[in-house]
Amino acid sequence: MVNESKYDLVVIGGGPAGYAAAIRAGQLGKKVACVEMERPGGTCLNWGCIPSKALLKSAELYSKISHSEEFGISVSGLEYDFPKIISRSRSVADNMAKGIGFLFKKNKVDHFVGTAQVMVPGMIEVKDGSDKGTILSTEKTLIATGCKARTLPDLEVDGTRIMTSREALVMKHQPKSIVIVGAGAIGAEFAYFLNAFGTKVTLVEMMDQILPVEDTEVAKVVQRSFSQSGIDCRVSTKVDGIKVQKNSVTLDLLKGDNKETLKVDSLLLAIGVVPNLQGLLSAKVKLDLDGGYIDVNDEYETSVKNIYAAGDIIGPPWLAHVATYEAVQAVQGMFGHGKAQRVKHFPGCTYCLPQVASIGKTEKDLKEEGTPYKTGKFPFQASGKAVASNTAEGFVKLLVGEQYGEVLGAHIVGADATEMIAEYCLAVQLEATAEDIHGTIHAHPTMSEAMMEAAASVFGEAIHI
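Fair warning: this is a prediction, and the values are worked out from it, not measured in the lab. (Residues numbered from 1 in each chain as written. Predicted model: local features only at pLDDT ≥ 70, side-chain atom pairs only at ≥ 80, totals over all residues. Heavy atoms only, no water.)

A. Local environment of the sheet that holds strand β21 (residues 355–360). Pairing is antiparallel in the open sheet, where five strands are placed in the order β20-β21-β24-β23-β22. Each of the sheet's edge strands pairs with one partner strand only, and the pair in question is β20 (347–350) and β22 (373–379). Averaged over all neighbouring strand pairs, the angle between strand axes comes to 10°, with direction disregarded. Two strands pair when backbone bridges link them, and strand β23 (residues 395–401) and strand β24 (residues 407–414) are joined in this way by six bridges, in the antiparallel orientation. By the bridge assignment for β24, valine 396 is matched with isoleucine 412. (Pairing = 2+ DSSP bridges. Helix = DSSP H or I, 4+ residues; strand = E, 2+ residues; numbered from the N terminus. Axes fitted to C-alpha atoms, helices over the stretch in contact; angles between N-to-C directions.)

B. Summary view of the packing of helix α1 (residues 16–27) against helix α8 (residues 320–334). Contact pair α1 / α8: the axes reach a minimum separation of 8 Å and the direction vectors enclose 35°. For α1 against α8, the interelement crossing comes out right-handed. Facing Pro16, Ala17, Ala20, Ala21, Arg24 and Ala25 of α1, the residues of α8 in contact are Ala320, Ala323, Thr324, Ala327, Val328, Val331 and Gln332. Looking at the contact of α1 with α8 residue by residue, the classes come out as ten nonpolar, two polar and one charged. (Left-handed = near helix turned anticlockwise from the far one by under 90°. Contact = heavy atoms within 4.5 Å. Nonpolar A, V, L, I, M, F, W, Y, C, P; charged D, E, K, R; others polar.)

C. Just the pattern of salt bridges, in detail. Overall, the coordinates contain 15 salt bridges when judged by the stated rule. One salt bridge connects glutamate 260 with arginine 234, and the closest N-O pair in it is separated by 2.9 Å. Placement of the pair is glutamate 260 in strand β14 (residues 258–264) and arginine 234 in strand β11 (residues 232–234), with a sequence separation of 26 residues. In this structure, a network of salt bridges that share partners links the residues Asp215, Glu217, Glu363, Lys377 and Lys397. (Salt bridge = Lys/Arg side-chain N within 4 Å of Asp/Glu carboxyl O.)

D. Quick look at the pairing of strand β4 (residues 115–120). In terms of strand pairing, β4 meets strand β5 (residues 123–127) through five bridges, oriented antiparallel. Looking across to β5, one finds that glutamine 117 is bridged to glutamate 125. Connecting β4 to the antiparallel partner β5 that follows it, the hairpin turn spans two residues, and glycine 122 within it adopts a positive phi of roughly 90°.

E. Geometry of unusual backbone geometry. Across the junction of proline 316 and proline 317, the peptide omega takes the value 25°, indicating a cis bond. When you line up the elements, proline 317 lands in the loop between β19 (307–309) and α8. Cis peptide bonds are those with omega within 30 degrees of zero, and the linkage from histidine 444 to proline 445 qualifies with -5°. Looking at the element boundaries, proline 445 is found in the loop between α12 (434–438) and α13 (449–458). Despite not being glycine, asparagine 390 has its phi angle at roughly 60°, a positive value. When you line up the elements, asparagine 390 lands in the loop between α10 (384–388) and β23. The backbone of aspartate 416 sits at a positive phi, close to 65°, despite the residue not being glycine. With respect to the element layout, aspartate 416 can be found in the loop between β24 and α11 (417–429).

F. Inspection of the sheet that holds β14 at higher detail. Strand order across the open sheet formed by three strands is β12-β13-β14, with antiparallel pairing between neighbours. The sheet is open, and its two edges are formed by β12 (238–244) and β14, each paired on a single side. Taking each pair of neighbouring strands and ignoring which way they run, the sheet shows an average axis angle of 20°. In terms of strand pairing, β12 meets strand β13 (residues 249–255) through five bridges, oriented antiparallel. Residue pairing across strands places valine 239 opposite leucine 253, the latter belonging to β13.

Right under this line is the structure:
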């Protein structure tokens, strides 16, 4: 089958960058196609952000019911159905994917199923899939093929003994014990989820703290909470000597000169991602790369004119909301709707309990840079809403410039952190100061009052501490 239509834009990849780019181009009245080997939504919607949050919600609810006595409510005979929990998460992903399909139709985006190869600039061939053999002619191309989970050499991912996050999202049986390698957001979230339902979890991180990109104080709160709930957190530790048996996995944990051998049901790799470039470019198309990722300029254009790239495929921070922002900016820029903006500030979120959310610099960053700063901090223990809700763990921490009080970094650990961070994101975007936040009335009683109180704490004016 050959498609003779010429497009204004062909988007390769249907994840948070790809589908957003296609929809935005459609909104601008452009003739646009999106080539995606699976259903629209990409890793985030189908194999990441959305289904994992469904799993975490089940874990949170189960944990709350398990501790309902603290609210004066007695529950007996509490049980859970692990396959049903997994099934629900897949249903959530299914429904959201249908929503993207509807948006494609609404914005007149042509969806082609298969992998895509850039034959020459302006000419795309659909490989594999139901639309195999289709040739798309286009003025501009946006590559948004994203990344896939990093694995270890000579270690086969079988979905039972050895898993990445993708396989873990559809695990048929709950492991009784598991080692999770990598304590970033993905590792921490799966550790929380499995531990909540009774799996013996060992969380291993080679850096000196779990959640290595987060503020040190924040990471300590999460590690303490994890340890209290039974998660065995091992930092400054490496994994070696992995051996897969029929019904188990054995491995060595190395910390300094100490070695410990563990035997567990399963091993989950959460050690980062690698770019999806395989088969993307013909021998006639050469794009400049930077560390294996596609190199782009400030307009998201690659080294080849009219070929653009956005999202995870251009490198870190590998976040869905960053990918969407980049893709929309790229489309608007390439079609003359304002100058494309590169990402400067973005929130990072981890959805275990306690939740973690942050934007900007950590204290370690500021100290290493030699940047003068002030700190404001407010514990949820002093928040009436947090105490009433039995969610008093954690704090809000605000880092501001010493001279002008501009927000340099903000860090929240506790319930609803991932929702509350939006206020500080807006503050950074608008170049608001701690004084501006302090001077803004926040509703009482709310968790968000802690945001105001942390700002007030910068000046020693917090009322409730």
